[in-house]
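What the coordinates show
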Amino acid sequence: MSDKPAKEYRDATPEAEFDRHADGYSEAIDQELNSYGADHEFFTRHKARLIERLLATRGLDSAQMDLLDVGCGVGKIHAHLGPRFRSVFGVDISATSIAEASASFPEHSYAVYDGDRLPVADASADLCIAICVFHHVPPLQWESLAVEMLRALRPDGFALVIEHNPYNPVTRRIVNSCPMDKNAILLTRRQTAQLFEPHATDVISRSILSVPPLNGFCMSVDSLFGCLPLGAQYYCLAKAPTSTKPNAHG
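Quick look at the structure, then. Values in this document were obtained by computation on a predicted structure and should not be read as measured data. Just so you know, the residues in each chain are numbered from 1, in the order the chain's sequence is written. Under the rules for a predicted model, residues below a pLDDT of 70 receive no local features and side-chain atom pairs below 80 are neither given nor counted, while totals for whole chains, interfaces and linings still include all residues. To obtain the side-chain values, all non-hydrogen atoms of the structure were included, while hydrogens and water were left out.

Here a helix means four or more residues in a row that DSSP labels H or I, a strand means two or more in a row labelled E, and each is numbered from the N terminus. Mapped onto the elements of the fold, Thr171 is located in helix α7 (residues 169-177). Throughout, exposure labels follow a simple rule: accessible area from a 1.4 Å probe, protein chains only, divided by the maximum for the residue type, with under 20% read as buried, over 50% as exposed, and the rest as partly exposed. Given the relative accessible area of 6%, Thr171 is considered buried. For the pair Thr171 and Gln233, spaced 62 residues apart in sequence, the C-alpha separation works out to 7.8 Å. Here, two residues are considered to be in contact whenever any of their heavy atoms come within 4.5 Å of each other. Setting aside anything within four residues of it in sequence, one finds Thr171 in contact with His164, Asn165 and Ala232.

Further remarks concern the side chain of His108. Tracing the chain through its elements places His108 in the loop between α5 (95-104) and β3 (109-112). Apart from residues lying up to four places away in sequence, His108 is in contact with His78, Gly82 and Val88.

A few words now on the pattern of salt bridges. Salt bridges are counted wherever a side-chain nitrogen of Lys or Arg sits within 4 Å of a carboxyl oxygen of Asp or Glu. A complete count under the given rule lists 12 salt bridges for this structure. The residue Glu41 makes a salt bridge to Arg45 at a minimum N-O spacing of 3.9 Å. Pair noted here: Glu41 and Arg45 are both in helix α3 (residues 40-56), with a separation of 4 residues, about one helical turn. Since its relative accessible area comes to 30%, Glu41 is described here as partly exposed.

Moving on: helix α6 (residues 142-151). Since there are 3.6 residues in each turn of an α-helix, residues three or four apart along the chain are aligned in direction. Most of α6 sits inside the fold, with 8 of its 10 residues counted as buried. Taken together, the buried positions of α6 are occupied by Trp142, Leu145, Ala146, Val147, Glu148, Met149, Leu150 and Arg151. The inward-facing, buried residues of α6 contact β1 (66-70), β4 (125-131), β5 (153-164) and α8 (189-196).

The next thing to look at is the nonpolar core. Counting 33 residues, the largest nonpolar core has Leu68, Val70, Phe134, Leu145, Met149 and Phe196 as the members making the most contacts within it. Taken together, the elements giving at least two residues each to this core come down to β1, β4, α6, β5, α8 and β7 (233-239). The leading source of residues in this core is α6, at 5 residues. Residues within four places of Phe134 in sequence aside, it is in contact with Trp142, Leu145, Ala146, Met149, Val161, Glu163, Leu187, Leu195 and Phe196. As used in this record, nonpolar core signifies buried Ala, Val, Leu, Ile, Met, Phe, Trp, Tyr and Cys residues forming a set joined through side-chain atoms within 4.5 Å. Counting 21 residues, the second-largest nonpolar core is a separate cluster that includes Leu50, Leu55, Phe85 and Leu160.

So, in structure tokens, the structure goes:
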């Protein structure tokens, strides 16, 4: 890949770090967002609406879909997505976060993830999401995680990654100030797409949050800027192969 990581990876124990912040997950993020007139819940709602729109534009009915959430944390977005999907299964490397998610959303299923192989069977989900997860993963494991997401999908299912845009100065400032992101390495939109392109079909990536998603009109305007590297974040959507399994070696 031609793009270099935003900063060098530093050895850490991410499980312990996320366990430590699990109880104050939203509060830790809100401390950085409040000065910009927003909070974590605001962006969580936006991501839920974005997922609904991406599915709707492809004629997909989420009520007939099984959702796998990789790096689900305490499951905040499940308050919005849970009622819309046939089932929700969340995994995370933080046992403390998984315990909190299970207590908050007993109607869904959760499991601790070892950071290597997702604890799901092949072709068991229709949509696999990873929201602001990859930047916490060591770079040498980025592609294997992408392949694992695709392995979990049924033929023609979708993998969706939402990540921070390293070219946005406000995003960089927030990430650099947040204790949970102290070891983060931000991926560019192109880097993320390149992780999936050898193993998937119809890989697309677009910037989001170029303008605040206050309503449907603003979201429509925001989508017009999707091809430009202006947004605070971006998404990458990849379609699983119809029949062949993804190959981790290209």
